[in-house]
Every structure is written in C-alpha cells, then in structure tokens.
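For reference, the chains in residue letters:
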Amino acid sequence: MIKILKYTEYLYLLVAIFSVYRIFTDWNVNREGTYIFIFFAVVSIAMFAFRRNYRKKFEQRNKDNQQ
C-alpha cells in the first residue's frame, strides 16, 4: 500500500509539470485557456505536498506501532 502512495505522489508532480508546460506554451496564444492550467498546477503541487506529508505520518505511525 505504501508503494502505491509513493507513486501517486509523483503523478501529481507530473500533472503539475505538464500544466506549467502548457502555461508557458499557450500564454501568448490563449490566455483565458491557461487559467485552468494554473489552477491544475497549484492544486497538483498542493496535493503532492499533502499526500507526501500524509504518507510520512503513516509510515512513522507504523514504525512506532512495530516497536
């Protein structure tokens, strides 16, 4: 289960990187359309941080329970 949580963290980073790429490539062409990618980038980075923090707390709790 922990390995799956690690991989989902990095999927959020991939979405953020893709969104930032689309922001830079489309900013001068379609500015209104890039606002949704700004939203995706911000939410993806926040979800990455949240999931990483949650996973580390979960691992620490499991380690404490085993001792």
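Residues numbered from 1 in each chain as written. Predicted model: local features only at pLDDT ≥ 70, side-chain atom pairs only at ≥ 80, totals over all residues. Heavy atoms only, no water.

> Where do I start with the overall build of the protein chain in this structure?
Secondary structure assignment for the protein chain yields 2 helices and 0 strands. Taking 2.2 N^0.38 as the reference for a compact globule, 67 residues should give roughly 11 Å; the C-alpha atoms of the protein chain span a radius of gyration of 16 Å, well beyond that estimate. Counting only C-alpha atoms, the protein chain reaches 60 × 15 × 10 Å along its principal axes. Per element, the accessible surface of the protein chain, about 5,500 Å² overall, is 65% carbon and sulfur. Computed over 11 positive and 5 negative side-chain charges, the separation of the two mean positions in the protein chain equals 7 Å. (Helix = DSSP H or I, 4+ residues; strand = E, 2+ residues; numbered from the N terminus. Rg over C-alpha atoms; globule rule 2.2 N^0.38 Å. Areas by Shrake-Rupley, 256 points an atom, 1.4 Å probe, with all protein chains shown as cover. Lys, Arg positive; Asp, Glu negative; His and termini not counted. Charge placed at Lys NZ, Arg CZ, Asp CG, Glu CD.)

> Would you explain the pattern of salt bridges in this entry?
Should their charged atoms come close, side chains of opposite charge can pair. Counted under the stated rule, the structure contains 4 salt bridges. Here R55 ties to E9 by a salt bridge, and the two come within 2.5 Å at their closest N and O atoms. Here R55, found in helix α2 (residues 31-66), pairs with E9, found in helix α1 (residues 2-26); they are 46 residues apart in sequence, far enough to count as distant. When sorted by exposure, R55 lands in the same class as E9, which is buried. (Salt bridge = Lys/Arg side-chain N within 4 Å of Asp/Glu carboxyl O. Buried < 20%, exposed > 50% of the residue type's maximum accessible area, 1.4 Å probe, protein only.)

What is shown is where atoms sit, not what they do.
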